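Overview (structure and organization)
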Amino acid sequence: MRSRDSDIKSQLSDINSHLTIPPTSWYRSLTAAGLRNPAVHGRARYWLQVEGSFTRALQKHCTRSFHVEVRREGFDSPNLEESRRLAIPPRQHAWIREVRLCGDGEPWVLARTVIPLNCLEGEGRRLLHLGNRPLGAYLFTSPHWERGPLETGLCNPVIPGQPELARRSLFSGHNSSLLVGEYFLPALLHRNTL
Ligand SMILES: C=C(O[C@@H]1C=C(C(=O)O)C=C[C@H]1O)C(=O)O
């Protein structure tokens, strides 16, 4: 017989199972992705294109509060597509950070950041100790990081409620780049105001 604790744990994981990142195909432009899925031109368009810190953009749309919830942080292998995008050897470990960006107490965005070893030297060591502080606050206040072009992601949700659209970009510093992906949850797109 299952214990009450394991029943509660499995219910909790069921409740949150849609808050995971589904497989995603990446496109160089919104227009290219739009040929596959015209939804990129709907409510998501603003979020797919907004410039500057994404954290700041979300904060502006909160009426009460914004917070970052860390779900997973540690050294692990990126997937092969991510390694290729970052031009690092396949299976070379990187610092991987997955968070929920929450507006007014509810998850709006899932973010996954892959930080290769060469980004973690010198001042970059701070990236290991962000905790619940938003990565954007570091990237956009440190003068040496520059964002590359935004890519548009079309996700293949396997569980109802998983993100369908995403964006990502490389941030380049001294001879090193990290990859930040932001996946939009329905709660973000179905809000009444933009
Ligand atoms: C890159 C930014 O950082 C945000 C914060 C993140 C985090 O804390 O892990 C991840 C993705 C972001 O959207 C940003 O604000 O633009």
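Residues numbered from 1 in each chain as written. Predicted model: local features only at pLDDT ≥ 70, side-chain atom pairs only at ≥ 80, totals over all residues.

- Per an unreviewed UniProt entry, the protein goes by the name Probable chorismate pyruvate-lyase and belongs to Marinobacter metalliresistant.
- Regarding the protein, the UniProt comment filed under Sequence similarities (unreviewed entry) reads as follows: "Belongs to the UbiC family."
- Its UniProt record gives the protein a comment under Catalytic activity (unreviewed entry), which states: "chorismate = 4-hydroxybenzoate + pyruvate". (UniProt positions renumbered as here; feature names shortened; annotations may be inferred.)

1. As for the UniProt feature "binding site: substrate" (unreviewed entry) in the protein
- Those residues carrying the UniProt feature "binding site: substrate" (unreviewed entry) are Arg97, Leu135 and Glu182 in this numbering. These residues run over 86 residues, yet every pair of their C-alpha atoms falls within 12.0 Å of each other.
- For Arg97, the location among the structural elements is in strand 3 (residues 94–103).
- Judged by the 22 C-beta atoms lying within 10 Å of it, Arg97 falls in the buried class.
- Ignoring anything within four residues of it in the chain, the contact list for Arg97 reads Glu73, Thr113 and Ile115.
- Tracing the chain through its elements places Glu182 in strand 8 (residues 177–184). (Helix = DSSP H or I, 4+ residues; strand = E, 2+ residues; numbered from the N terminus. Buried ≥ 20, exposed ≤ 12 C-beta atoms within 10 Å, placed from the backbone. Contact = placed C-beta atoms within 7 Å.)

2. Here we look at the site of the ligand
- The environment of the ligand is made up of 15 residues, and the closest members are Phe54, Thr55, Ala111, Leu135 and Gly136.
- Counting residues per element, the ones that place at least two in the shell around the ligand are helix 4 (54–60), strand 3, strand 4 (106–116), helix 6 (135–139) and strand 8.
- Residues of the shell around the ligand, tallied by class, amount to 9 nonpolar, 4 polar and 2 charged. (Near = placed C-beta within 6 Å. Nonpolar A, V, L, I, M, F, W, Y, C, P; charged D, E, K, R; others polar.)

3. Focus: the confidence of the model for the protein
- When pLDDT is averaged across the protein, the result is 93; 91% of the residues are at 70 or more.
- For this predicted complex, the interface confidence comes out at an ipTM of 0.95, alongside a pTM of 0.92. (pLDDT = per-residue confidence, 0-100.)

4. Topic: the pairing of strand 8
- The buried fraction of strand 8 is high, at 8 of 8 residues.
- Looking at chain direction, strand 4 and strand 8 are connected through 6 bridges and run antiparallel. When the sheet's bridge partners are listed, Ala111 is paired in strand 8 with Glu182.
- Here strand 7 (residues 165–172) runs beside strand 8; their pairing, made up of 8 bridges, is antiparallel. Looking at the pairing, Leu170 lines up with Leu179 of strand 8.
- Here strand 7 folds back onto strand 8 in antiparallel fashion, the turn holding 4 residues, of which Asn175 has a positive phi close to 50°. (Pairing = 2+ DSSP bridges.)

5. What about the environment of Ala87?
- Within the secondary structure, Ala87 is located in the loop between helix 5 (80–86) and strand 3.
- The sequence separation of Ala87 and Ser176 amounts to 89 residues, and the corresponding C-alpha distance is 9.7 Å.

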